[in-house]
Amino acid sequence: MHKALLSLVIAAFITTLPAHAQTSSYGMASQHVHTEPAALTRLTLAAALDLAFKANPEIAAARREAQATEGVIQQAGLIPNPELEPLVEDSKRETRTTTVQINQVIELGGKRGARITAAERGRDFALVELTAKQADIRAKVITAFYDVLLGQERHRLAEGSVELAKRATLIAARRVLSGKISPVEETRARVAESGVRLELAQAANELESARRQLAATWGHLSPRFERVEDPETELPHLASLSELTQRLQQSPALLRAKIEVERRQAMAEVERSRRIPDVTLSFGAKRDEQMGRNQAIVGLSIPIPVFDRNQGNVLESLRRTDKARDELLATEVNLNMELGQAHGRLSIARLEAELVKTEILPGAQRNYEATTKGFELGKFSFLEVLDAQRTFFQAKSQYLRSLADTYRAATDIDRLLGEPFSIIK
């Protein structure tokens with residue numbers, strides 16, 4: 001009888017070893033190393049997004065968390081292990097009594113099912129968290145990409161400004177030598193050239209900072225691309241606010257808040273199930289050396305829930321469920337407010353960009369070109385050239401700012417909706 005019981009316990013212990021080995025091998029198999037891409041001459045927006053989704057450390061961490069929840073579900077479905085309880089009474093062999101028994105806890109009240117449900121809601125929460133993180137990183141990549149693109153345009157504009165300033169300085173110097181203008185005009189030209197050189201240095205610094213920020217979205221400390229390629233897309237489409245509000249109901253942030261309510265409800269059910277005590281079944285054998293016989297042992301242990309009925313944990317879980325409902329309402333209100341603000345910013349930025357591009361910028365450019373030619377012919381003073389140049393460059397800068405505001409507002413809507421909204425279809 002003793003040998004049979006010990007063999008049963010040893011066999012039960014050995015069966016747990018393959019599961020442990022499988023868990024270890026899964027952990028090793030799930031590890032992978034991201035290889036850095038080779039240097040790129042031109043980087044497209046699609047390639048930048050692909051790099052970020054594959055190598056961004058925040059997305060990788062969220063993905064690991066989602067994978068870890070599978071282990072939580074597996075653990076929640078396991079039944080309690082049996083306990084082996086040996087007992088020896090008396091040290092003398094002739095009067096010794098030896099007892100070997102196995103105790104098995106029997107869960108009542110639906111505890112196992114409640115645990116599994118709570119673990120599954122935790123997995124759903126982790127998956128939505130992964131989706132939300134991907135949407136957030138996607139918005140960061142798009143914003144950083146267009147920051148680089150606009151930085152390139154600012155740098156190109158600054159280089160053009162330097163060339164124009166050099167040209168104006170050279171013309172002023174020639175006219176001073178011919179005695180047509182005062183040397184003060186040449187000094188003003190050189191001062192203006194120094195100013196645009198400083199603007200070029202600032203534009204180069206801002207461009208490098210934007211390039212580093214873009215490379216950081218896929219975990220690189222320094223960029224390995226030379227330039228980003230202009231998608232040459234139209235301005236982001238402006239959908240109606242009512243349409244966007246409807247699509248907001250499926251946003252990751254709102255789904256995450258809804259699933260958190262469900263998860264808290266499931267955890268409350270777990271605490272409720274623990275109010276019902278578990279019973280423990282015992283069976284084994286007892287050897288009485290003095291009487292020279294074996295005796296079977298069968299026992300049942302039933303806790304009496306007189307004082308502890310898990311009422312404190314139940315109350316806590318219910319209040320946390322109420323808190324999750326309040327947070328869901330607050331999240332919905334905040335998301336609608338942020339969506340309305342982003343929609344308003346996009347509307348104004350698109351209007352400004354279109355107005356500057358079609359009306360202000362062409363007129364400023366024509367005025368600058370005409371003034372420059374007139375200055376060469378002696379029809380305008382250098383101050384008039386500087387004024388026309390300043391107006392033209394301000395129009396260009398205003399257009400770039402409106403473009404940046406347009407893309408930022410569109411990517412904010414992308415992030416809130418958790419799906420491609422306007423920039424990439």
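What you see is a predicted model; the values in this text were computed from it and never measured. (Residues numbered from 1 in each chain as written. Predicted model: local features only at pLDDT ≥ 70, side-chain atom pairs only at ≥ 80, totals over all residues. Heavy atoms only, no water.)

Enquirer: Tell me about the overall build of the protein, residues and numbers included.
Expert: What the protein contains, in helices and strands, is ten helices and six strands. Of the contacts made within the protein by residues no fewer than 6 positions apart, 78% connect residues no fewer than 24 positions apart. Of the accessible surface of the protein, which amounts to about 24800 Å², a share of 55% is contributed by carbon and sulfur atoms. (Helix = DSSP H or I, 4+ residues; strand = E, 2+ residues; numbered from the N terminus. Contact = heavy atoms within 4.5 Å. Areas by Shrake-Rupley, 256 points an atom, 1.4 Å probe, with all protein chains shown as cover.)

Enquirer: Pulling in residues and values, what's your account of the sheet that holds strand β5 (residues 279-288)?
Expert: To summarise the sheet geometry, strands pair through backbone hydrogen bonds and adopt either a parallel or an antiparallel arrangement. Read from one edge to the other, the open sheet built from four strands follows the order β2-β3-β5-β6, with strand pairing classed as antiparallel. The open sheet is flanked by β2 (83-89) and β6 (293-301), the only strands paired with a single partner. Here the average twist between neighbouring strands, direction ignored, is 15 degrees. The pairing of β2 with strand β3 (residues 97-106) spans seven bridges and is classified as antiparallel. Each bridged residue has a counterpart across the sheet, and for P86 the counterpart in β3 is V100. (Pairing = 2+ DSSP bridges. Axes fitted to C-alpha atoms, helices over the stretch in contact; angles between N-to-C directions.)

Enquirer: Please provide a residue-by-residue account of helix α4 (residues 57-76), values included.
Expert: With 20 residues, α4 extends 29 Å from end C-alpha to end C-alpha; this agrees with the ideal 28 Å at 1.5 Å per step. Along α4, the residues classified as buried are I59, A62, A66, T69, I73 and A76. With its buried residues spanning 90 degrees around the axis, α4 presents them on a single face. Projecting away from the buried face of α4 at angles above 90 degrees are the exposed residues P57, Q74 and Q75. Here α4 starts with a cap whose side-chain oxygen sits 2.9 Å from the backbone nitrogen of E58, and that cap is N56. (Expected span 1.5 Å × (residues − 1). Buried < 20%, exposed > 50% of the residue type's maximum accessible area, 1.4 Å probe, protein only. Arc of directions from axis to C-beta. Polar contact = N/O pair within 3.5 Å; in protein donor to acceptor, adjacent residues only side chain to side chain.)

Enquirer: Account for unusual backbone geometry, with residues named and values stated.
Expert: Positive phi, normally seen in glycine, also occurs at D90, with a value near 80 degrees. Within the secondary structure, D90 sits in the loop between β2 and β3. Taking the relative accessible area as the measure of exposure, D90 reaches 40% and is therefore partly exposed.

Enquirer: If you had to explain the packing of aromatic side chains to someone new, which residues and values would you point to?
Expert: Here a ring pair, both rings aromatic, is described through the centre-centre distance and the interplanar angle of the planes. By the definition in use, this model includes four aromatic pairs. Look at Y368 and F392: their rings are 5.7 Å apart centre to centre, the planes differ by 5 degrees, and that puts the pair in the stacked class. Taken together, the residues Y368 in helix α9 (residues 311-376) and F392 in helix α10 (residues 382-417) connect sequence positions 24 residues apart. For the residue pair Y368 and F392, the accessibility class agrees, reading buried in each case. (Phe/Tyr/Trp six-rings, centres within 6.5 Å; stacked < 30°, edge-to-face > 60°.)

Enquirer: Provide a residue-level description of the packing of helix α8 (residues 252-273) against α9, including the pertinent values.
Expert: Close contact between α8 and α9 brings their axes to 9 Å; oriented N to C, the two are set at 170 degrees. Compared by their axis directions, α8 and α9 come out roughly antiparallel. Contacts between α8 and α9 pair A253, L254, A257, K258, E260, V261, R264, Q265, M267, A268, E271 and R272 from the former with N313, V314, S317, L318, R320, T321, A324, R325, L328, T331, E332 and L335 from the latter. (Parallel < 35°, antiparallel > 145°, perpendicular 65-115°, else oblique.)

Enquirer: Can you explain the environment of Q341? Please cite residues and give values.
Expert: If you trace the backbone, Q341 turns up in helix α9. Note on Q341: relative accessible area 43%, which makes it partly exposed. Once the C-alpha coordinates of Q341 and D412 are considered, the two residues, 71 residues apart in sequence, prove to be 9.7 Å apart.

Enquirer: Please set out a nonpolar patch on the surface residue by residue, giving values where relevant.
Expert: Residues I106, L108, I276, L281, L300 and I302 make up a contiguous nonpolar surface patch of about 510 Å² in total accessible area. Within the fold, I302 resides in the loop between β6 and α9. With a relative accessible area of 53%, I302 lands in the exposed category. (Patch = residues over 30% accessible without salt bridge, like charges linked within 9 Å, V, L, I, M, F, W, Y side chains within 5 Å. Salt bridge = Lys/Arg side-chain N within 4 Å of Asp/Glu carboxyl O.)

Enquirer: Residue-level account of the pattern of salt bridges, with values.
Expert: Counted under the stated rule, the structure contains 30 salt bridges. For D136, the salt bridge identified is with K140, shortest N-O distance 3.6 Å. Of this pair, D136 and K140 are both found in helix α5 (residues 111-177), four residues apart, which corresponds to roughly one turn of the helix. According to the relative accessible area criterion, K140 is partly exposed, its value standing at 39%.

Enquirer: Give a description of the nonpolar core that names residues and reports values.
Expert: Across soluble globular proteins, you tend to see nonpolar side chains buried next to one another. Residues L43, L214, W218 and V228 are the most contacted members of the largest nonpolar core, which totals 40 residues. Going through the elements one at a time, α3 (45-55), α4, α5, α6 (183-216), β4 (225-228), α9 and α10 are the ones with two or more residues in this core. Counting residues per element, this core draws most heavily on α5, which supplies eleven residues. Setting aside chain neighbours within four positions, we find L214 in contact with L43, A48, V141, A144, F145, V148, F225 and V228. With 18 residues, the next largest nonpolar core counts L254, L346, I413 and L417 among its residues. (Core = buried A, V, L, I, M, F, W, Y, C linked by side-chain atoms within 4.5 Å.)

Enquirer: I'd like to hear about α5, residue by residue, with values.
Expert: Here α5 is 67 residues long and its end C-alpha atoms lie 97 Å apart, about the 99 Å a rise of 1.5 Å per residue gives. The positive-phi residue at the C-terminal boundary of α5 is G179, with phi of around 80 degrees.

Enquirer: Please give an account of the environment of A395 that cites residues and values.
Expert: Position of A395 among the secondary structure elements: in helix α10. Contact partners of A395, with chain neighbours within four places excluded, come to V356, I360, L361 and A364.

Enquirer: Outline the packing of α4 against α5, supporting the account with residue identities and numerical values.
Expert: One way to put it is that α4 packs onto α5 with a least axis distance of 9 Å and a crossing angle of 170 degrees. In terms of axis orientation, α4 runs roughly antiparallel to α5. Along the lines of polarity and charge, the residues of the contact of α4 with α5 split into twelve nonpolar, three polar and ten charged. (Nonpolar A, V, L, I, M, F, W, Y, C, P; charged D, E, K, R; others polar.)

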